[in-house]
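# Notes for the structure review
Listed here are the chains, written in short residue letters.
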There are 2 protein chains.
Amino acid sequence: MVTKFYNARILALDGITPLTEGELIVSGGRIVALGKGAAFSGTIDREIDCHGNLIMPGFKNAHTHSGMTFLRSLADDLPLQRWLTEQVFPKEAQLTPDDVYVLTKLAIMEYLTSGITMMFDMYFARESIAQAAIDTGFRAALVGCANDYGGTAQETADEYAKFSSYHPLISYRLGFHAEYTTSEPLLRDLSQMVQQLKQPFYTHLNETAAEVESCVAHSGMRTIEYLDSLGLFNYGGGGYHCVHVSPREMDIMQSRGMTAVTCPGSNTKLASGVAPVYEYLKRGIPVAIGTDGPASNNCLDFFREMFLATGLQKLAHGAEAVDAMDVLDMACKNGAYACGFDDCDCLAVGKQADLILIDLNQPNMQPLNNIEKNIVYSGSKQNVSLVMIAGKILYDRGEFFIGDDPQRIYAEANRIIRGMK
Amino acid sequence: MVTKFYNARILALDGITPLTEGELIVSGGRIVALGKGAAFSGTIDREIDCHGNLIMPGFKNAHTHSGMTFLRSLADDLPLQRWLTEQVFPKEAQLTPDDVYVLTKLAIMEYLTSGITMMFDMYFARESIAQAAIDTGFRAALVGCANDYGGTAQETADEYAKFSSYHPLISYRLGFHAEYTTSEPLLRDLSQMVQQLKQPFYTHLNETAAEVESCVAHSGMRTIEYLDSLGLFNYGGGGYHCVHVSPREMDIMQSRGMTAVTCPGSNTKLASGVAPVYEYLKRGIPVAIGTDGPASNNCLDFFREMFLATGLQKLAHGAEAVDAMDVLDMACKNGAYACGFDDCDCLAVGKQADLILIDLNQPNMQPLNNIEKNIVYSGSKQNVSLVMIAGKILYDRGEFFIGDDPQRIYAEANRIIRGMK
C-alpha cells in the first residue's frame, strides 16, 4: 500500500527541516519521500488531501500501565500509597490475561485519539499486551516489572530474548517495578542480568518523597544512588517519574546517559510533586513524557501532558522556562529513543510512517501565528484527525481501524470491573 | 421550537437530583420537563436520541478577553509585565471595533468546542462584543475596564444602563481594569458610581506578587484592602485571578460576599502563581473558573482549566484536595451567579436551556465507574458533541450553527494580525 498525503504542512522535527509545505509519500510502512514536489516512481494506491493541515510525528507515551483502564475514576482523591494498597492491588489480583488484552486495547484507542503512536508499557500479562498492540497495529515497548511479589531475573532475561524478536511493532526493555517493592537479593540478580545482557534498565524512580526516604532509611543512600551502586544503570536506561531527585542523583543520570520520563499529569493528580524537568534540560539529561496509567492520571491525553510538562516548570522557574519546541522534542523523539525505536522519532526518508494529521481548521489553532506553539499551548485531542502507524491508518476522524469493535471493548471493560469484588 | 432529548443520562447539578436517566424537553429556550417519563403537552418539533450520553449544564467561563484571539502564540514564554507592555498593548492599539467583532466570534467558536455556554468578557469595543454574542447566540456578561488610559465612571454607568436591558443574552457588570493601571481619583469616581448603583464590582485582582507589592508601596495596603477601603466592594462583586491574597484580604472577600475567579491555565503559563482555591473553598468563598484571554493562556478549553483547578491544589494540599464535584460546581454554577445569570446555573424546570451533550462513547470515558470524575479528570473537548444555549443548538458534532462561516472567521483573524505593525 502506497499512500500519498498532499496539500500538507509538514513538521518533520528532524532537527534540520523547518516547518514546510508539500507532500509525504509512504510505502512499505516507511516514509519514502517528503517535501515540495516529493516524487515516487511506483503506483500510488491512496491519495489523501490534507487541506493545508499539519503532518507531524506521532507522540510517544514513554510510561504507562495500559491495562489499568478498568480502574479509571474508581478511587480518586487518595494519596499514592493508600490508593495502591487499598484499591489497586486487590483489584489487579483479580485480572486475567484476557482482561489485560481487552483493557490494553481500550487504552490504545484512547492513545490514538490524542495522537500517541507508541507506548512504553509496564504491566503484567505481557503476552496479552504485545498481542493487543499487534492486533490493533500499535507500536509498543514492554518492560519487565519484577518485584518481591512476582518475577525473577531469569524470567526477565527470558522475556527479553522472547520479545526482542517477536514482531516489528514490539520492543522489550529490561526493568523491574520499583525499589520500594523489591528487596536486595532480587536487585542483585537483576544487576547480574544487566551485566550479562549489557542493556539499559528502566524502573519507577523517585516518584514520591516517602519512597526516597525509605530507601535512605534502609540503605543509607537515595534511590538512584542505591540502584546505581548495585550496577543496575551500568548500561544506561532511565526512570519513570523522577520527581524527587538530588543534584548528586542527577550527576549519576548524566554520567550513565539515563532518560528521565516525566509524568506530570499523574504526579499532579496524586500530589507526588513536580519533576525538575527544567534542571534535566539544563544538564542535557533527555526527558521523555508519559501519561502513567489511567487509574492514576486518569487521562491518556498527550496534549494535557505537554501543557503540564512546560506549565509546571514555568510556575517554578518563570514564564521563559521550557519552550514549545523543547516540549515537542520530549513528546515525539525522546520516548522513542528510550524504547529502542530509533526509526520513528521524526519524519524523514527511511523512517517509519508513524505520523499524525493535526486539524488546523479549528478555532483553537487560529490564527496561524506559530503552529508549533499552538500545538503545545492550545492544542487538544480534537485536533487529531488521523493517526498512522507503520504506514497503516488506525484512526481517521473519530473512527477506529483496529480490527475490533469499540462498543465491544467498552462493554468488556465495564463487565470486567463490575464483576470484581 | 420544542426539542426533546431522549435516551439521556442527566447530570442536573441542582444540588438535589443525583445523576439520572430519562428525557429533557426544551420549549421557548427553557427547560420545561426533565427526568424519567418527562412529558410535554404541546407538539415536539425535534427529537434527539442521546444514545445514553450525558446532558449537563454548560460550563461558564468567568473571565476572558475574547477579542485577544489575534495574539495567540504570538509572544509566548514571556513574564506578564513584559508580555503586556512589549506585545499586547502596542498591537491592541491597532484594533478596530470590527476586528473585535470577528475576533470575539473566533473565541466563541472555541468556547463552544469545549462546552462553554457563557463568557464574562472584559475587553474594549463592548458593543462589538455584545453584537458578536447576539449574532452567534452566545450568552455574555460584559464588564467595564476603565483605567487611566481610557474610560470614566460616567461612561461605565452609561454602559450599565445601556447593556442591562440590551438583549436577553447580554448582562453587564460594573468594573475597571486593574489597580495597577488606575489612579486614585478615577477609583474614587468609580466608588461613587458603585454607591449610587448599589451593584457588585469586578476587576483583575492580585494576579501577580509584583502588582500587590506596588499597591502596598503607594497605599500602605494590599490591593483588596486598598480597593475595599475606597468602598468598591460595598455591594460585593469579585476579582479575576486572586492568586496572591492574604488571610486579611480573604476576610474582606468573605464579609463582602465576593467571588474569586481562578484562571489556573493563564496563571500557570505566565508563571503568576497558584491561587489559594483550597482556602477559598474552606472559607466558603465562591470560586468560579475563567480561561483568561487566548493571548495568555493560550487555550480556551474548560477541560484543561477544570483539571488544573483541582490538580494544582492537590500538588499543594494533597491528593484529597478539591474533588471533582467541587470543580463541577465552580465550572457550571458560580460563574453564572457572578455574571448575574441566575437561571442558567443548573438543569431544572424553568431554567434556561444552556446545556451540553457529553459523548460517553469515547475511550477516555470508559468504563463508566464514575461519570462526574471522568468529566473532570479525563474529559476532553472531544467529548463535547452538542452545545445548546437558550434552546438553540450552536454546535453539533463539530459543526457550528452561529450564523457565520468558520472559514471566513479564520481568514479574517489571520488578515487582522498579518496587517499589524
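Residues numbered from 1 in each chain as written. Chains lettered and ligands numbered in written order. Predicted model: local features only at pLDDT ≥ 70, side-chain atom pairs only at ≥ 80, totals over all residues.

The next point concerns the overall build of chain A. Summing up its helical and strand segments, chain A has 14 helices and 17 strands in all. In terms of overall dimensions, chain A has a C-alpha envelope of 65 × 45 × 45 Å along the principal axes. Classification of the 421 residues of chain A by burial places 59% in the buried group. Considering only contacts within chain A whose residues lie at least 6 apart along the sequence, 74% involve residues at least 24 apart. (Helix = DSSP H or I, 4+ residues; strand = E, 2+ residues; numbered from the N terminus. Buried ≥ 20, exposed ≤ 12 C-beta atoms within 10 Å, placed from the backbone. Contact = placed C-beta atoms within 7 Å.)

Note that the residue after A:Asn297, namely A:Asn298, is joined by a cis bond; omega there is 0°. Position of A:Asn298 among the secondary structure elements: in the loop between strand 13 (287-289) and helix 11 (302-317). With an omega of -10°, the peptide bond running from B:Gln366 to B:Pro367 counts as cis. Within the element layout of this structure, B:Pro367 appears in the loop between strand 14 (355-358) and helix 13 (371-378). A positive phi angle is found at A:Ala125, which is not glycine, with a value near 55°. Among the secondary structure elements, A:Ala125 is positioned in the loop between strand 7 (116-121) and helix 3 (126-136).

All names here are of chain A. Three or more residues of helix 8 (residues 247-256) are buried, namely Glu249, Met250, Met253 and Arg256. The arc that holds every buried residue of helix 8, seen down its axis, measures 135°, which confines them to one face. Counted as exposed and oriented over 90 degrees from the buried face of helix 8: Pro247, Arg248 and Ser255. In the core, the buried residues of helix 8 are packed alongside helix 7 (223-229), strand 12 (258-262) and helix 10 (277-283). Where helix 8 ends, the next residue or the one after it, Gly257, has phi of about 65°, a positive value. (Arc of directions from axis to C-beta.)

All names here are of chain B. Strand order in the open sheet formed by 8 strands is 6-7-8-9-10-11-12-13, and the pairing between neighbours is parallel. Single-partner strands in this sheet number two, and they are strand 6 (59-64) and strand 13 (287-289). On average, adjacent strands in this sheet sit at an angle of 25° to one another, irrespective of strand direction. As defined by bridge partners, strand 12 (residues 258-262) adjoins strand 13 across 3 bridges and the pair is classed as parallel. Within the sheet, the bridge partner assigned to Ala260 lies in strand 13 and is Val287. Strands strand 8 (139-143) and strand 9 (170-178) of the sheet are contacted by helix 4 (residues 153-163), whose axis makes an angle of about 165° with strand 9. (Pairing = 2+ DSSP bridges. Axes fitted to C-alpha atoms, helices over the stretch in contact; angles between N-to-C directions.)

The subject of this paragraph is the interface of chain A and chain B. Tallying the contact residues gives 51 residues for chain A and 51 residues for chain B. Residue assignment for the side of chain A that touches chain B shows that the elements contributing at least two residues are helix 2 (97-113), helix 9 (264-269), helix 11, helix 13 (371-378) and helix 14 (406-418) of chain A. When residues of the side of chain A that touches chain B are assigned to their parent elements, the largest contribution, 5 residues, is made by helix 11 of chain A. Within the side of chain A that touches chain B, the residues separate by chemical class into 22 nonpolar, 17 polar and 12 charged. (Nonpolar A, V, L, I, M, F, W, Y, C, P; charged D, E, K, R; others polar.)

Residue and element names in this part refer to chain B. Across the interface, helix 2 (residues 97-113) lies against helix 3 (residues 126-136) with an axial gap of 8 Å and an inter-helix angle of 45°. In terms of orientation, helix 2 lies oblique with respect to helix 3. Crossing of helix 2 against helix 3: the hand is right-handed. Contacts between helix 2 and helix 3 involve Pro97, Val100, Tyr101, Thr104, Lys105 and Ile108 on the former and, on the latter, Glu127, Ser128, Ile129, Gln131, Ala132, Ala133 and Thr136. Taken together, the residues of the contact of helix 2 with helix 3 sort by class into 7 nonpolar, 4 polar and 2 charged. (Parallel < 35°, antiparallel > 145°, perpendicular 65-115°, else oblique. Left-handed = near helix turned anticlockwise from the far one by under 90°.)

Quick look at the relation of the copies chain A and chain B now. At an RMSD of 0.0 Å, chain A and chain B line up after a rotation of 180° and a shift of 0.0 Å along the axis. The superposition operator between the copies reduces to a two-fold rotation axis. Proximity to the rotation axis, assessed at the C-alpha, singles out A:Gln382 in chain A; its C-alpha lies 2.5 Å from the axis. A shared binding surface is used by both copies, with 100% of the interface residues of chain A retained as interface residues in chain B. (Least-squares fit on C-alpha atoms with pLDDT ≥ 70 in both.)

Here we come to the sheet that holds strand 9 (residues 170-178) of chain A. Residue and element names in this part refer to chain A. With parallel pairing, 8 strands are arranged side by side in an open sheet as 6-7-8-9-10-11-12-13. On the outer flanks of this sheet lie strand 6 (59-64) and strand 13, each paired with one strand and no other. The average angle at which neighbouring strand axes cross in this sheet is 25°, direction not considered. Packed onto the sheet, helix 3 meets strand 7, strand 8 (139-143) and strand 9 and runs at close to 170° relative to strand 8.

What follows covers the pairing of strand 12 of chain A. Residue and element names in this part refer to chain A. Taking burial as the measure, the 5 residues of strand 12 include 5 buried ones, the bulk of the element. Side chains Met258, Ala260 and Thr262 of strand 12 all project onto a buried face; the interleaved residues Thr259 and Val261 project onto the opposite face, where all are buried too. In this structure, strand 11 (residues 237-241) lies alongside strand 12, joined through 4 bridges in parallel fashion. Pairing of Gly238 across the sheet is with Thr259, part of strand 12.

Residues and elements named next belong to chain B. Contact geometry of helix 4 with helix 5 (residues 184-197) gives a least axis separation of 9 Å together with a crossing angle of 30°. As judged from the angle between their axes, helix 4 and helix 5 are roughly parallel. Between helix 4 and helix 5, the residues in contact are Ala153, Thr156, Ala157 and Tyr160 and Asp189, Leu190, Gln192, Met193 and Leu197, respectively. In terms of residue class, the contact of helix 4 with helix 5 is made up of 6 nonpolar, 2 polar and 1 charged.

As a further point, take helix 5 of chain B. Residue and element names in this part refer to chain B. Given a rise of 1.5 Å per residue, 14 residues ought to cover 20 Å, and the 20 Å separating the end C-alpha atoms of helix 5 matches this to within 8%. Here helix 5 has its buried residues at Leu187, Leu190, Ser191, Met193 and Val194. End-on, the buried residues of helix 5 take up no more than an arc of 160°, which puts them together on one face. Opposite the packed face of helix 5, turned more than 90 degrees from it, sit the exposed residues Pro185, Gln195 and Gln196. Residues of helix 5 that are buried in the fold lie against helix 4, strand 9 and strand 10 (201-205). (Expected span 1.5 Å × (residues − 1).)

Overall, the prediction assigns chain A a mean pLDDT of 96, with 100% of residues at 70 or greater. Interface predicted TM-score (ipTM) for the complex: 0.96; the corresponding pTM is 0.97. (pLDDT = per-residue confidence, 0-100.)

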